[in-house]
Amino acid sequence: MEEGNTTTAQPGTTKNIDSKEESSNDAVKISVIIPTNAYFMSGLRDFTMNIVINMTGFSEQWAFRFQSVVDELVNNAIEFGSKTGKEVKITFISTKDKSIEIFVEDTGTGPNKKTAKEMSDLVEKRKNTDPTVLTSIRGRGLAQIVANWTDVLEFKDNENGGLTVHVLKYIAEGEKL
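Chemist: An account of the overall build of the protein is needed here, citing residue identities and associated values.
Modeler: Scanning the protein from N- to C-terminus turns up four helices and seven strands. Listed by position from the N terminus, the elements making up the protein come as β-β-β-α-α-β-β-α-α-β-β. Intrachain contacts of the protein at a sequence separation of at least 6 include 61% that bridge at least 24 residues. Approximately 10000 Å² of the protein is accessible, and the part contributed by carbon and sulfur atoms is 48%.

Structure representation (structure tokens):
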């Protein structure tokens, strides 16, 4: 997608609009910035559901799954990657009947900051663990939810010293509305 003008879609969100008329297959990019407070998660869940159902072509079942994916990524960014008083940025890129991408970016100021390599290694280790032998209710989300419900899960050290997590899911025939 070519970079275009940025306009305000809703308070706290932006939408990049290409200068030429949009067709139904153009990617739409919406970014949301929230404070590091779980209070805002309920609204983000609703926002995620609306984007997935109304802008992607994924089924309602997949919309609920993406709520869990976004929950996991943002909760991790709030708990581990950005200290209280900082922000977390969530970017959705939707291409109707093709895919959805989600980027979650923290500030790297949290109490348990990890690098992209450390996160990739951790997910690989946990993906290969039998979930029935896990005794903790913690530490399953990235490997057991996010990795299983997306086609791409990758981590990148960002320029702000934090971590950016990128997920991508392509719509398969059985996953459409």
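Chemist: How would you explain helix 4 (residues 141-149) if you had to name every residue and give the values?
Modeler: For helix 4, the full list of buried residues reads Gly 141, Leu 142, Ala 143, Val 146 and Ala 147. Around the axis of helix 4, the buried residues are gathered within 155 degrees of arc, so they sit on the same side. The secondary structure elements touched by the buried residues of helix 4 are helix 2 (60-81), helix 3 (116-127), strand 6 (152-157) and strand 7 (163-170).

Chemist: Could you give me a rundown of helix 1 (residues 41-55), with the residues and numbers involved?
Modeler: Compared with the 21 Å implied by 1.5 Å per residue over 15 residues, the 20 Å span of helix 1 between its first and last C-alpha is a close match. All of the buried residues along helix 1 are Met 41, Leu 44, Phe 47, Thr 48, Met 49, Ile 51 and Val 52. Taken from the residues just after helix 1, Gly 57 is the one with a positive phi, measuring 100 degrees.

Chemist: Lay out the environment of Ser 31 in plain terms, naming residues and giving numbers.
Modeler: Inspection of the secondary structure assignment puts Ser 31 in strand 3 (residues 27-35). Distance from Ser 31 to Ile 93, taken between C-alpha atoms, is 8.7 Å for residues 62 residues apart in sequence. Of the polar contacts made by the side chain of Ser 31, one reaches the side chain of Thr 91; its length is 2.9 Å.

Chemist: Go over the environment of Glu 173, please, and point to the residues and values.
Modeler: Here Glu 173 shows up in the segment after strand 7. Placed 76 residues apart in sequence, Glu 173 and Asp 97 show a C-alpha to C-alpha distance of 9.6 Å.

Chemist: Go over unusual backbone geometry, please, and point to the residues and values.
Modeler: You will see that Asp 97, though not glycine, has its phi angle at about 60 degrees, which is positive. The topology assignment puts Asp 97 in the loop between strand 4 (87-95) and strand 5 (99-105).

Chemist: Describe the pairing of strand 5, with residues and values.
Modeler: The element strand 5 is extensively covered by neighbouring structure, given that five of its seven residues are classed as buried. Bridging between strand 4 and strand 5 involves seven bridges; their strand directions are antiparallel. Paired with Thr 91 across the two strands is Phe 103, which belongs to strand 5. Where strand 5 lies against strand 7, seven bridges are found, and the strand directions are antiparallel.

Chemist: Account for the packing of helix 1 against helix 2, with residues named and values stated.
Modeler: For the pair helix 1 and helix 2, interaxial distance at closest approach is 9 Å and the crossing angle is 140 degrees. The orientation of helix 1 with respect to helix 2, classified from their angle, is oblique. Read as a crossing pair, helix 1 and helix 2 show a hand that is right-handed. Along the contact surface, helix 1 presents Met 41, Leu 44, Arg 45, Asp 46, Thr 48, Met 49, Val 52 and Ile 53, while helix 2 presents Glu 60, Trp 62, Ala 63, Phe 64, Phe 66, Gln 67, Val 70, Asp 71, Val 74, Asn 75 and Ile 78.

Chemist: Now, about the packing of aromatic side chains: what can you tell me, with residues and values included?
Modeler: Counted by the stated rule, this structure contains five aromatic pairs. With a centroid separation of 5.1 Å and 85 degrees between ring planes, the pair formed by Tyr 39 and Phe 40 is classed as edge-to-face. Between Phe 58 and Trp 62 the ring centres are 6.1 Å apart and the planes differ by 45 degrees, which places this aromatic pair in the tilted class. With respect to class, Phe 58 is no different from Trp 62; both count as buried. Members of the aromatic cluster, each reached through a chain of ring pairs, are Phe 58, Trp 62 and Phe 66.

Chemist: Which residues make up the nonpolar core, and what values go with them?
Modeler: Counting 37 residues, the largest nonpolar core has Leu 44, Val 74, Ile 90, Phe 92 and Ile 102 as the members making the most contacts within it. Every element with two or more residues in this core is listed here: strand 3, helix 1, helix 2, strand 4, strand 5, helix 3, helix 4 and strand 7. With near-sequence residues (within four places) excluded, Val 74 lies in contact with Ile 34, Met 41, Leu 44, Ile 90 and Val 104.

Here is what the cut-offs are and how they apply
Each chain has its residues counted from 1, running along the sequence as written. A pLDDT threshold of at least 70 governs which residues receive local features in this predicted model, and a stricter bar of 80 or more applies before side-chain atom pairs are shown or counted, although totals over entire chains, interfaces and linings include all residues. Processing note: side-chain calculations cover all non-hydrogen atoms of the structure and skip hydrogens and water entirely. Put simply, DSSP marks the helices as runs of H or I at least four residues long and the strands as runs of E at least two long, and each gets a number from the N terminus on. Should any heavy atoms of two residues lie within 4.5 Å, those residues are counted as being in contact. Accessible areas in this description were obtained via Shrake-Rupley with a 1.4 Å probe; residue shielding takes into account the shown protein chains only. Between buried and exposed lies partly exposed: a residue is buried under 20% and exposed over 50% of the maximum accessible area for its type, with that area taken using a 1.4 Å probe on protein chains only. By construction, the arc corresponds to the directions joining the helix axis to the C-beta atoms. Residue count minus one, scaled by 1.5 Å, sets the expected span of a helix. The term polar contact refers here to a pair of N or O atoms within 3.5 Å; inside protein, the definition further demands a hydrogen-donor-capable atom paired with an acceptor-capable atom, and it admits residues adjacent in sequence only when both atoms are side-chain atoms. For two strands to count as paired, DSSP must find a minimum of two bridges between them. Each axis is a line fitted through C-alpha atoms, taken for helices only over the stretch in contact, and angles between the N-to-C directions span 0 to 180 degrees. Our angle categories are set so that under 35 degrees counts as roughly parallel, over 145 as roughly antiparallel, 65 to 115 as roughly perpendicular, and the remainder as oblique. A clockwise turn of the near helix away from the far one marks a right-handed crossing, whereas an anticlockwise turn of less than a right angle marks a left-handed crossing. Note on aromatic contacts: the rings of Phe and Tyr and the six-membered ring of Trp form a pair at centre separations within 6.5 Å, being stacked when their planes are under 30 degrees apart, edge-to-face when over 60 apart, and tilted otherwise. Side-chain atoms within 4.5 Å are what join buried Ala, Val, Leu, Ile, Met, Phe, Trp, Tyr and Cys residues into a set we call a nonpolar core.

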